[in-house]
Amino acid sequence: MKSSLYGRPPLRGPVSLRPSCAGPSSSRPRRFGPPAPLAQLALLVTATLPLLSEAQAQAQVQGLAPAGAPMALSPVVVTAARTPTRIDQTLAETTVIDRREIEASTGRTLSELLARQPGLQSWGNGGLGKVSSVSIRGLEARHVLLLVDGVRLGSATLGTPSWDNLPLEAIDRIEIVRGPLAALYGSDAVGGVVQVFTRRGQDGLRPDASVTLGSHEDRRLSAGLRGRQGALDGALQVASIRREGVSVSNPRAPFGNFNGDVDPFDQDTFSASAGLALPGAWRAQAQWLNSRGTSAYDDGLGADARAGLLNRSGSLQLAGPVLGSWSTRVMLARSEDSFDTLASASRFATLGATRTEQTQWTWENTVGTPAGQLLLVAERLEQDVSRPGSPYTVSDRRVDALAAGLNGQRGAHHWQGALRRDRNSQFGSPSTGSLAYGYDVTPAVRIGASAATSFVAPSFNQLYFPGFGSPTLQPEEGRHREASIRWAEAGQQVRASAFQNRIRGYIPSGPLPVNVPRARMDGLSLSWDGRIGPWVLAASAEKLEPFNDTAGSANFGKWLPRRATESARLSADREASGGWRYGAAVQKVGQRFEDAANTTPLAGFTRLDLRVDRSLSSGWSLGLALNNATDRRYETSLGYDQPGREAFVTLRWQGR
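Counting restarts for each chain: residues are numbered from 1 in the order of the written sequence. The model is predicted, so local features are restricted to residues of pLDDT at least 70 and side-chain atom pairs to those at 80 or more, both for listing and for counting; the totals for chains, interfaces and linings are taken over all residues. Think of the side-chain values as coming from all heavy atoms in the structure, minus any hydrogens and water.

A. Examining the overall build of the protein chain more closely. The helix and strand labels rest on DSSP assignments: H or I over at least four residues marks a helix, E over at least two residues marks a strand, and numbering proceeds from the N terminus. On a plain count of helices and strands, the protein chain comes out with 5 helices and 37 strands. The buried label goes to any residue with under 20% of its type's maximum accessible area, the exposed label to any with over 50%, and the partly exposed label to all in between, with areas taken from a 1.4 Å probe on protein chains only. Out of the 656 residues belonging to the protein chain, those deemed buried represent 57%. Note that accessible areas follow from Shrake-Rupley with a 1.4 Å probe, and for residues the cover is restricted to the protein chains shown. Looking at the protein chain as shown, the accessible area adds up to about 26,200 Å², and 60% of this sits on carbon and sulfur atoms.

B. Layout of the nonpolar core. By size, the foremost hydrophobic cluster in this structure holds 22 residues, and its most contacted members are Leu110, Leu114, Trp163, Ile174 and Val194. Taken together, the elements giving at least two residues each to this core come down to α3 (110–115), β5 (132–136), β6 (144–148), β10 (171–178) and β11 (192–198). Should any heavy atoms of two residues lie within 4.5 Å, those residues are considered in contact. Apart from the residues lying within four places of it in its own chain, the contact partners of leucine 114 are Ile97, Leu120, Val134, Trp163, Ile174, Ile176 and Val194. We define the nonpolar core as a collection of buried residues of types Ala, Val, Leu, Ile, Met, Phe, Trp, Tyr and Cys that are connected through side-chain atoms lying within 4.5 Å of one another.

C. Molecular detail of the side chain of aspartate 261. Position of aspartate 261 relative to the elements: it lies in the loop between β14 (232–243) and β15 (265–278). It is arginine 306 that comes nearest to the buried, bridge-free aspartate 261 among opposite-charge side chains, at 8.9 Å. The contacts of aspartate 261, once residues within four sequence positions are left out, are Val246, Ser247, Asp298 and Asp304. Within this scheme the basic residues Lys and Arg register as positive and the acidic residues Asp and Glu register as negative, but His and the chain ends are omitted. By definition, a salt bridge exists where a carboxyl oxygen of Asp or Glu is found within 4 Å of a side-chain nitrogen of Lys or Arg.

D. Region of the structure containing the environment of leucine 526. Inspection of the secondary structure assignment puts leucine 526 in strand β27 (residues 516–532). A C-alpha to C-alpha distance of 7.5 Å links leucine 526 and valine 494, two positions 32 residues apart in sequence. Apart from the residues lying within four places of it in its own chain, the contact partners of leucine 526 are Val494, Arg495, Ala496, Ala539, Ser540 and Ala541.

E. Representation of the sheet that holds strand β7 (residues 151–152). The criterion for strand pairing is that DSSP finds at least two bridges linking the strands in question. Strand order in the open sheet formed by 5 strands is β3-β10-β11-β6-β7, and the pairing between neighbours is mixed. Looking at which strands have only one partner, the edges of the open sheet turn out to be β3 (94–97) and β7. In this structure, β3 lies alongside β10, joined through 4 bridges in antiparallel fashion. Directly across from threonine 94, in β10, lies its bridge partner valine 177.

F. Fine view of a nonpolar patch on the surface. The grouping of Val211, Leu213, Leu221, Leu616, Trp620, Leu622, Leu624, Val649 and Leu651 at the surface amounts to a nonpolar patch, some 730 Å² of accessible area in total. Taken together, the elements giving at least two residues each to the nonpolar patch come down to β12 (204–214), β34 (620–627) and β37 (646–654). The greatest single-element share of the nonpolar patch, amounting to 3 residues, is contributed by β34. Position of leucine 213 among the secondary structure elements: in strand β12. Only residues whose relative accessible area exceeds 30% and that form no salt bridge enter a patch; like-charged residues are grouped when within 9 Å of one another, and nonpolar side chains (Val, Leu, Ile, Met, Phe, Trp, Tyr) when within 5 Å.

G. Layout of the layout of surface pockets. Cavities and pockets are found on a 1 Å grid laid over the protein atoms alone: a cavity is a set of points where a 1.4 Å probe fits but cannot escape, a pocket is an open set with protein on both sides within 12 Å along at least five of seven lines, and a lining residue has an atom within 4 Å of such a point. Grid points are joined across faces, edges and corners, and a volume is the space filled by probe spheres set on the points. Roughly 950 Å³ of internal volume is contained in the second largest pocket. When residues of the lining of the second largest pocket are traced back to their parent elements, those giving at least two are β6, β11, β16 (282–296), β17 (306–323), β18 (326–343), β19 (352–369) and β20 (372–386). Of all the elements, β17 adds the most residues to the lining of the second largest pocket, at 5 residues. Polarity classes work like this: nonpolar for Ala, Val, Leu, Ile, Met, Phe, Trp, Tyr, Cys and Pro, charged for Asp, Glu, Lys and Arg, and polar for all others, with Gly in that last group. Looking at side-chain class alone, the lining of the second largest pocket contains 12 nonpolar, 12 polar and 11 charged residues.

H. Expanded view of the pairing of strand β28 (residues 535–548). Strand direction decides the pairing type here: β27 and β28, joined by 14 bridges, are antiparallel. By the bridge assignment for β28, glycine 523 is matched with leucine 544. The pairing of β28 with strand β29 (residues 566–575) spans 9 bridges and is classified as antiparallel. Within β29, the position partnered with lysine 543 by the bridge is glutamate 566.

I. View of the packing of aromatic side chains. Classification of ring pairs rests on two measures: the distance between centres of Phe, Tyr or Trp rings, Trp counted by its six-membered ring, which must be within 6.5 Å, and the angle between planes, read as stacked under 30 degrees, edge-to-face over 60 and tilted in between. Scanning all chains against the criterion turns up 7 aromatic pairs. Between phenylalanine 460 and tyrosine 464, the aromatic rings sit 6.3 Å apart at their centres with planes inclined by 50°, giving tilted as the arrangement. Placement of the pair is phenylalanine 460 and tyrosine 464 together in helix α5 (residues 460–464), with a separation of 4 residues, close to one helical turn. No difference in accessibility class separates phenylalanine 460 from tyrosine 464, as the two residues are buried. Plain terms: the ring middles of phenylalanine 465 and phenylalanine 468 are 6.1 Å apart, the flat faces sit at 85° to each other, and that makes the pair edge-to-face. By relative accessible area, which is 3% here, phenylalanine 465 ends up buried. Through a chain of ring-to-ring contacts, three or more aromatic side chains come together here, namely Tyr392, Phe460 and Tyr464. Over the aromatic face of phenylalanine 499 sits the side chain of arginine 137, whose NZ or CZ is 4.5 Å from the ring centroid. A cation sits over an aromatic face here: arginine 173 above phenylalanine 197, 3.8 Å from the ring centre. Any Lys NZ or Arg CZ that is within 6 Å of a ring centre and within 35 degrees of that ring's normal is treated as a charge sitting over the ring.

J. Looking closely at the pattern of salt bridges. Taken as a whole, this structure holds 51 salt bridges when the rule is applied. For arginine 86, the salt bridge goes to aspartate 88, with nearest N and O atoms at 2.5 Å. Beyond isolated ion pairs, a larger network of salt bridges with shared partners links Arg99, Glu103, Glu169, Arg199, Asp208, Arg226 and Arg652.

K. Molecular detail of empty space enclosed by the protein. Scanning all chains against the criterion turns up 10 cavities of 30 Å³ or more. Estimates place the volume of the second largest cavity at around 440 Å³. As for the second largest cavity, its lining consists of 31 residues, of which Arg152, Ser187, Asp188, Leu381 and Gln383 are closest to the centre. Those elements giving two or more residues to the lining of the second largest cavity turn out to be β6, β8 (154–155), β9 (160–161), β19, β20, β21 (396–410), β22 (413–424) and β24 (445–456). When residues in the lining of the second largest cavity are grouped by element, the largest group, 4 residues, is from β20. Residue composition of the lining of the second largest cavity, by class: 13 nonpolar, 10 polar and 8 charged.

L. Representation of unusual backbone geometry. Positive phi, close to 65°, is recorded for arginine 82, a residue that is not glycine. Looking at where arginine 82 falls in the secondary structure, it is placed in the loop between β1 (76–77) and β2 (85–86). One non-glycine residue, aspartate 188, lies in positive phi territory at about 95°. On the accessibility criterion, aspartate 188 (18% relative accessible area) is buried.

M. Just the pairing of strand β13 (residues 218–229), in detail. Bridge analysis of β12 against β13 gives 11 bridges, and the strand direction is antiparallel. For leucine 213, the partnering residue across the bridge sits in β13 and is arginine 219. Connecting β12 to the antiparallel partner β13 that follows it, the hairpin turn spans 3 residues, and histidine 216 within it adopts a positive phi of roughly 60°. Turn length for the β13-β14 hairpin, with the two strands adjacent in sequence and antiparallel, is 2 residues, and the turn residue glycine 230 shows positive phi of about 65°.

Nothing here speaks to function; it is all geometry.
This is the structure we're talking about:
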């Protein structure tokens, strides 16, 4: 929270959880398997390998590419190892959301789009432009690192990424890496990393434009230009959203925050990139993103509460070969997250802006060695925060870091390791490490295991917010293990994972937090995707056990708030003749609890989204989307409704 006490108003982050007065739990949660990941992996292998053999046989019978046939080239990702790596060679579970999938998500927010991916969940206080959070594998929203073109973007006061004001129209692709990456990226990258890449230049000169009209007076405009001429390339994108919306709260909203008025959202965005090819294979690159919004929210009767949202990120980079297999990259970057309370009905709110400014210097070096690609990183992060009214006791943090990583392969063996040491101006010099190994049982089947440690510093609000923070809080320290099996052949892929996360000194949500000695987030995940004839299909399911593991505490054995212990997703897309494309996605989320004492349940829900697109002549296309087609009413945060049934029509033009 940025400008209120005890969760009033619910601005930038979920409504704060009140302390529990419940007595100790009489029993631990029912376990779903042995605690060791390797034991879970043995069960997964036993259960999955017969399915893989059957899938391979069916693939050949149903007319898919025969076994051993060449497959499409795997995309190259940079987030999993901080160096360009083919996605099929990464040991961490990695997903790429491309521009086509982003365009097919009309009407969705960024956090909703992410929640459609295996292992991710989201919760929030309404729809577009409202507070939202993303969790990976049952860990905290604070345990996810958001990068925009390599630049950290988030609120250091809340300790969470800035999902609410990032426009989908500015995004070219998204890389999602699951699992602890603190040894590569430092604090916050505990559950994983989400990296957003904005639009880049392309050969020739390619303009584009779109207009969208939707339910609740939703209007969206976007226009862009991308090109490359000789050594110079660049891209420009502008976008605007005007949405009247509906009331985001209901009478269940805590602390009297309910207000039945309409809560609109407006947003204007500008993004740009420019690149210059230099002699000797060197390249200079610049990126800039500026997104400004105004969002109405509910914090009680008597005023139309509104806040101004501002997110900026920009960087200058220079990269190229130095000598032999040694390449280097230097980056200077800056980002800003601002939440400006313009009007409020709450007597606890203070008008004005709460800001986080982050400055980042990075020097990366990669060197080819007989053992694999060696990565050496030196970086500095400066965080400066401010708030209206009484200032924080401490308003800045400096982190200097050195890291080394190794990513290699020989025959059927794959390995990746990393070590990092941070010097934090508030919390000393923690060290983190990770080690992952994969073995190709056959050309199509790989088994793997990994272990890692993590470190997360408390946010400025958790430490210093007046009447809310606890200055004696200590950082969280984590230990993580995972075992997996992956099969990929004949245009299909199946992956099963068992993972354990142990957090010591866990910091719960709510006022006056104290370090909980132990928390656990264990889970099993299964996903499949592939193409069958004209159909592109994907399915996933997860079973999570995120709970308080501190024996003798009041909430021992209770589920951590807002995580669904069971969830599943299914999507299907079909390309038909005449330029038609049809799509459907079903998301099922099980019951959760709003509070740490597990006394306030949040019902599970099933959501169905439908869409159809038609390619027209001369680069034109028309799309129709029906989100939440069954008009299911549900909450992901107590007292805050998610959007009901909404329809959108989009006309796009792509110049050739």
